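# A structural walkthrough
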Amino acid sequence: MTTPTIELKPSASPLSDAEREAILASPGFGRHFTDHMVTIKWTEGRGWHDGQLVPYAPLSLDPATMVLHYAQEIFEGLKAYRQPDGSVASFRPDMNAKRFQASARRLGMPELPVETFIEACDVLVQQDASWVPAHGGEESLYLRPFMIATEVGLGVKPANEYLFLVIASPAGAYFPGGVKPVSIWLSEDRVRAVPGGMGDAKTGGNYAASLLAQAEAAEKGCAQVAYLDAVEHKWVEELGGMNLYFVYGNKIITPALTGSLLAGVTRDSLLSVARDLGYESEEGRVSIDQWQADTENGTLTEVFACGTAAVITPVGTVKRSSAEWQHSGGEPGEVTLKLREALLDIQRGIGEDKHGWMHPLG
Ligand SMILES: *Cc1c(COP(=O)(O)O)cnc(C)c1O
């Protein structure tokens, strides 16, 4: 299989500098998109072909396109940051490329070569470099690579045609007014993923499965849901779109990858960043009762969630049907904030990149 080269067909009418600057002044998250996108096709027998960088535009799909019916879809999320010297670098794109291949295998889709995934992201960031926010804060350009089944037909089977795309969206600071703890509803009945299911694949179906519990959490006054394992309804897994860490003094523990939770790049990075800062870090098991008891006896000192979008979010109030408690007096914990700063410093090029995580562009 040959790797396709991406043909550049840039827009003749990108947004004006003034229009773009107005968006970049307050981009929010996932609301505005850059001038271009990358598309690459795959068809059975031919493999990957027709890689193109084209103006950002709606897709035209037959109503019987398979993805619209059977949800054969996977996605990724990664960020490119402006560096102090004005250049741009993305964070660990190789990890996202490999996870994208793992997700593809789980959903019966073709694997995009790692180098093609990285090239597609690079080409888009280079073309739309003026959309990467200026250096300084936590702003970044969020990249959303994804793949959909484009064969037309209602028969249930893996499709014989796919479209891979990358779009990009400028992202502001997740906490514009300072880091604020998130409240969590511990769901003891609804589950997100089951053993043998697709909880470790990054696919829209897992998100669809989480929306009702998310709405229930909102009714309880909570912003996010924490899911337990689907068999014993006992072991803490993760939030709908972020992994969890438990801070025990100078040790941080995250639930081990059992197959039903997503292997976050942020989660993985923090295992190393914590050690670099002199903390212990490990993968383990935390039960819902232990979460409550260790908070009450004071050994569990902080809890935080992590993922590309928010980097690190402290957990404040936690509610389950029988109880409610609060971490760090409702303020971000000290270890949480130190880890957050250290990881962000690497990403924005201020901290030393000991592990070779930054991927420089252009
Ligand atoms: C993407 C995602 C995460 C976080 O992964 P990162 O690579 O750190 O962004 C965690 N859980 C789920 C379910 C996800 O989809």
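What counts and how
- Residues numbered from 1 in each chain as written.
- Predicted model: local features only at pLDDT ≥ 70, side-chain atom pairs only at ≥ 80, totals over all residues.
- Heavy atoms only, no water.
- Axes fitted to C-alpha atoms, helices over the stretch in contact; angles between N-to-C directions.
- Helix = DSSP H or I, 4+ residues; strand = E, 2+ residues; numbered from the N terminus.
- Parallel < 35°, antiparallel > 145°, perpendicular 65-115°, else oblique.
- Contact = heavy atoms within 4.5 Å.
- Nonpolar A, V, L, I, M, F, W, Y, C, P; charged D, E, K, R; others polar.
- Core = buried A, V, L, I, M, F, W, Y, C linked by side-chain atoms within 4.5 Å.
- Buried < 20%, exposed > 50% of the residue type's maximum accessible area, 1.4 Å probe, protein only.
- Salt bridge = Lys/Arg side-chain N within 4 Å of Asp/Glu carboxyl O.
- Arc of directions from axis to C-beta.
- Polar contact = N/O pair within 3.5 Å; in protein donor to acceptor, adjacent residues only side chain to side chain.
- Pairing = 2+ DSSP bridges.
- UniProt positions renumbered as here; feature names shortened; annotations may be inferred.
- Patch = residues over 30% accessible without salt bridge, like charges linked within 9 Å, V, L, I, M, F, W, Y side chains within 5 Å.
- Areas by Shrake-Rupley, 256 points an atom, 1.4 Å probe, with all protein chains shown as cover.
- Near = heavy atom within 4 Å.
- 1 Å grid on protein atoms, 1.4 Å probe; cavity = no way out; pocket = protein on both sides within 12 Å on 5 of 7 lines; lining within 4 Å.
- Sits in = over half its atoms within 2 Å of the grid points.

### Quick look at the packing of helix α6 (residues 265-276) against helix α8 (residues 334-347)
Two packed helices can be described by the angle between their axes and the distance between those axes. Remark: α6 packs on α8, axes separated minimally by 10 Å, with the N-to-C direction vectors making an angle of 105°. It follows from the interaxial angle that α6 and α8 lie roughly perpendicular. Here α6 contributes T266, S269, L270, V273 and A274 to the contact with α8, which in turn contributes L339, A342, L343 and I346. Within the contact of α6 with α8, the residues separate by chemical class into seven nonpolar, two polar and no charged.

### Focus: the nonpolar core
In a soluble, globular protein the nonpolar side chains are often hidden away together inside. Of all hydrophobic cores here, the largest spans 49 residues; its most connected members are V38, F117, V125, L141, M147 and F164. Tallying contributions element by element places helix α4 (residues 114-127) first for this core, with eight residues. Residues Y81, L270, L344 and M358 belong to the second largest nonpolar core, which totals 24 residues.

### Brief notes about the environment of V286
Locating V286 in the fold gives a position in the loop between β14 (280-284) and α7 (288-296). Counting along the chain gives 33 residues from V286 to I253, while the straight-line C-alpha distance between them is 8.4 Å. Here V286 is in contact with K234, W235, V236, F246, I253 and W291, once residues within four sequence places are set aside.

### Points about the pattern of salt bridges
Inspection of every chain in the model, using the stated rule, returns 18 salt bridges. For R348, the salt bridge is made with E341, and the minimal N-O distance between the two is 3.1 Å. A single network of salt bridges, built from pairs that share partners, joins D17, R20 and E21.

### Some thoughts on unusual backbone geometry
Despite not being glycine, A71 shows a phi value in the positive range, around 60°. When you line up the elements, A71 lands in the loop between α2 (67-70) and β4 (73-75). A positive phi angle, near 45°, is found at R92, a position not held by glycine. Mapped onto the secondary structure, R92 falls in the loop between β6 (88-91) and α3 (93-106).

### Description of helix α1 (residues 17-24)
Inspection of α1 places R20, I23 and L24 among the buried residues, and these make up the whole buried set. Looking straight down α1, one finds its buried side chains confined to an arc of 100°; they lie on one side. Structural note: α1 exposes A18 and A22 on the side pointing more than 90 degrees away from its buried face. Against the buried residues of α1 lie β8 (161-171).

### Comments concerning the side chain of T336
Within the element layout of this structure, T336 appears in helix α8. You can call T336 buried: its relative accessible area is 1%. One polar contact links T336 to E302, side chain to side chain, over a distance of 2.7 Å. Once residues within four sequence positions are removed from consideration, T336 is found in contact with E302, V303, F304, I312 and P314.

### Some thoughts on the pairing of strand β7 (residues 140-149)
Where burial is concerned, most of β7 is hidden: nine out of the 10 residues are buried. Strand direction decides the pairing type here: β4 and β7, joined by three bridges, are antiparallel. Looking at β7, one finds that E73 is bridged to I148. Bridge count for strand β5 (residues 78-82) against β7 is three bridges, and the pairing is antiparallel. Counterpart to A80 in the pairing with β7 is L141. Note: β7 against β8, 10 bridges, orientation antiparallel. Along β8, the bridge assignment pairs M147 with F164.

### Points about the UniProt feature "modified residue: N6-(pyridoxal phosphate)lysine" (unreviewed entry) in the protein
As recorded in UniProt, the sites labelled "modified residue: N6-(pyridoxal phosphate)lysine" (unreviewed entry) are K202. Take K202: it is sitting in the loop between β9 (182-187) and α5 (204-219). When sequence neighbours within four positions are dropped, the list of residues in contact with K202 reads I74, F75, E76, G77, R99, S103, Y207 and L262.

### Thoughts on a nonpolar patch on the surface
The grouping of L59, L61 and L68 at the surface amounts to a nonpolar patch, some 250 Å² of accessible area in total. The residue L68 is located in helix α2 in this model. L68 gets classed as exposed once you look at its relative accessible area, which sits at 52%.

### What about the site of the ligand?
Taken together, 15 residues surround the ligand, and among them K202, Y207, E238, T266 and T308 come closest. The contact in question runs from an oxygen atom of the ligand to an N or O atom on the side chain of R99, over 2.8 Å. At 2.6 Å, a side-chain N or O of Y207 approaches an oxygen atom of the ligand. Contact with the protein chains covers 97% of the free accessible surface of the ligand, which is 380 Å². More than half of the atoms of the ligand fall within 2 Å of the grid points belonging to the largest pocket. Grouping the constituent residues of the shell around the ligand by class yields four nonpolar, seven polar and four charged.

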